[in-house]
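Here is how the chains run, residue by residue.
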Amino acid sequence: MSGPGTNWYLALAAFLFGLGALGVLIRRNPLIVLLSLELMLNGGNLALIAFSRHFANGAGQIFGLAVMAVAASEVCVGLGLVVAINRKKLPLDVDRLSELRG
Amino acid sequence: MSSLVLATSAGNVVVWIVWVVAGFSCLASGVAVISFSNPFYSALALIGNLVSLAVMYLLLSAEFVAAAQVLVYAGAVVVMFLFVIAYVGPQREEAWSGGPSWRTFGAVLAAGALLTEIVVAISLAAEGSLGHDYTVDSAFGTPSYIGQLFLTDHLLAFEITSIVLLLAAVGGVILGAHSRRVDSARKET
């Protein structure tokens, strides 16, 4: 492989994952928490595809596509929750949404 | 011979430049996603992140995954985010206002600890084995290659993925419709 080696890709993936985790921890708006979750999933995906290329094994890319499908499902359910929260006139703030009761 | 070496190193330099630009824009747009106060701009910054990751996937000879990344994320997920952001209306929240300062400090500490843990775990597990990589032929990562893998070795994962997506769609509809039913029941009583 010309250009940077696998360890460079892994370092970038780790930074992306840490950035997403920081976003999940410091933000209170559930929409931005969901966007930060996307960042974390993308960091994991980058590591999977870097390993797939490293070992010349396509299973990592298949796993990456499955992660993409799971991310789409998670966004679907998460945004459904945001819409439901908004419709009940509750605040869009994960610190104040502390009750599971409907 | 020397011209061949020169051409190889020139290609190497180009790949490095593309990698550095894509990696920088990836991290910069990631920082932008978590630091904009308006979620609309955060969702737009996520598009930049996804496109620069697609460039990374192209460098890793994963053409189909790069195309799927742009189509699925930038084409579907971010558009859904923008619809919902438009639906819930304008809202502002300063990035570093998440409660008292000790909580923000704790969050930064936890994220830093997680990052350190990942880096240490990877570098310990991969010690020595990341030095050389396997060569791949030009068919690696093309749609036909991925399709063949999906319909032979990973058929079960493929089918389960479709069920997961269907369940998520049904769940999203139920979550959206449930509160409306509760509201109308509340009005009747």
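If you're wondering where the values come from, they're calculated on a predicted model, not measured in any experiment.

**With respect to the overall build of chain A**
In step 1: The helix and strand tally for chain A stands at three helices and zero strands.
In step 2: Its helices and strands taken in sequence order, chain A reads α-α-α from the N to the C terminus.
In step 3: For chain A, the spread of C-alpha atoms along the three principal axes comes to 55 × 25 × 15 Å.
In step 4: By the burial criterion, 60% of the 102 residues in chain A qualify as buried.
In step 5: Counting only contacts in chain A whose residues sit at least 6 apart along the sequence, the fraction spanning at least 24 positions is 55%.

**With respect to the environment of His54(A)**
In step 1: Within the fold, His54(A) resides in helix H2 (residues 30-54).
In step 2: For the pair His54(A) and Gly5(A), spaced 49 residues apart in sequence, the C-alpha to C-alpha distance is 8.7 Å.

**Concerning the interface of chain A and chain B**
In step 1: On the chain B side, the residues contacting the 68 residues of chain A number 84 residues.
In step 2: Regarding the contact of chain A and chain B, the summed buried area is about 7,000 Å², with carbon and sulfur atoms giving 74% of it.
In step 3: At the boundary of chain A and chain B, one finds four residue pairs in polar contact (both at pLDDT 80 or more).
In step 4: Listing elements by their share of the side of chain A that touches chain B, those giving two or more residues are helix H1 (6-26), H2 and helix H3 (59-87) of chain A.

**A word on the environment of Leu10(A)**
In step 1: Along the chain, the position of Leu10(A) falls in helix H1.
In step 2: Measuring from C-alpha to C-alpha, the distance between Leu10(A) and Gly44(A) comes to 9.3 Å, with 34 residues separating the pair along the chain.

**Re the confidence of the model for chain B**
In step 1: Residues with a pLDDT of 70 or more make up 84% of chain B, whose mean pLDDT is 83.
In step 2: Quick note on the complex model: pTM equals 0.86, ipTM equals 0.89.

**Examining helix H3 (residues 63-88) of chain B**
In step 1: Between its first and last C-alpha, H3(B) extends 36 Å over 26 residues, near the 38 Å set by a 1.5 Å rise per residue.
In step 2: Listed in full, the buried residues belonging to H3(B) are Val65(B), Ala66(B), Ala68(B), Gln69(B), Tyr73(B), Val77(B), Val78(B), Phe81(B), Val84(B), Ile85(B) and Val88(B).
In step 3: On its buried face, H3(B) sits against H2 and H3 of chain A together with helix H2 (39-59) of chain B.
In step 4: Backbone geometry just downstream of H3(B) places Gly89(B) in the positive-phi region, at approximately 85 degrees.

**A word on the nonpolar core**
In step 1: Leu31(A), Leu46(A), Met56(B), Tyr57(B) and Phe81(B) are the most contacted members of the largest nonpolar core, which has 60 residues in total.
In step 2: Only H1, H2 and H3 of chain A together with helix H1 (2-35), H2, H3, helix H4 (101-125) and helix H5 (143-151) of chain B provide two or more residues apiece to this core.

**Here we look at the packing of H2(A) against H3(A)**
Residue and element names in this part refer to chain A.
In step 1: The geometry of H2 relative to H3 is characterised by a closest axis approach of 9 Å and an angle of 175 degrees between their N-to-C directions. By the angle between their axes, H2 is roughly antiparallel relative to H3. Residue-level contacts link Pro30, Leu31, Leu34, Leu37, Glu38, Leu41, Asn45, Leu48 and Ser52 of H2 to Gly60, Gln61, Phe63, Gly64, Val67, Met68, Ala71, Glu74, Val75, Gly78, Leu79 and Val82 of H3.
In step 2: For the contact of H2 with H3, the per-class residue count stands at 13 nonpolar, six polar and two charged.

Criteria and thresholds
Position numbers for residues start from 1 in each chain and track the written sequence from start to end. Ligands are numbered from 1 and chains lettered from A, in the order in which they are written. pLDDT decides what is reported in this predicted model: residues at 70 or higher carry local features, side-chain atom pairs at 80 or more are listed and counted, and totals for whole chains, interfaces and linings draw on all residues regardless. Side-chain metrics in this entry use all non-hydrogen atoms of the structure; hydrogen atoms and water are not considered. Every helix listed is a DSSP run of H or I at least four residues long, and every strand listed is a run of E at least two residues long, numbered separately from the N terminus. Residue burial is assigned from relative accessible area. The probe radius is 1.4 Å, only protein chains are included, and a residue is buried under 20% of its type maximum, exposed over 50%, and partly exposed in between. Should any heavy atoms of two residues lie within 4.5 Å, those residues are considered in contact. Buried area is understood as the total, over both parts, of accessible area removed when two parts are fitted together, assessed with a 1.4 Å probe. Under the rule applied, a polar contact is a pair of N or O atoms within 3.5 Å (in protein, one hydrogen donor and one hydrogen acceptor; residues adjacent in sequence only if both atoms are side-chain atoms). Scored from 0 to 100, pLDDT records how confident the predictor is in each individual residue. The span you would expect from a helix comes to 1.5 Å times its residue count less one. We define a nonpolar core as any set of buried Ala, Val, Leu, Ile, Met, Phe, Trp, Tyr and Cys residues linked to one another through side-chain atoms lying within 4.5 Å. To get an axis, fit a line to the C-alpha atoms, keeping to the stretch in contact for a helix; angles then go from 0 to 180 degrees between the N-to-C directions. Comment on the angle field: the value is read as roughly parallel under 35 degrees, roughly antiparallel over 145, roughly perpendicular from 65 to 115, and oblique elsewhere. Residue type decides the class: Asp, Glu, Lys and Arg count as charged, Ala, Val, Leu, Ile, Met, Phe, Trp, Tyr, Cys and Pro as nonpolar, and the leftover types, Gly among them, as polar.

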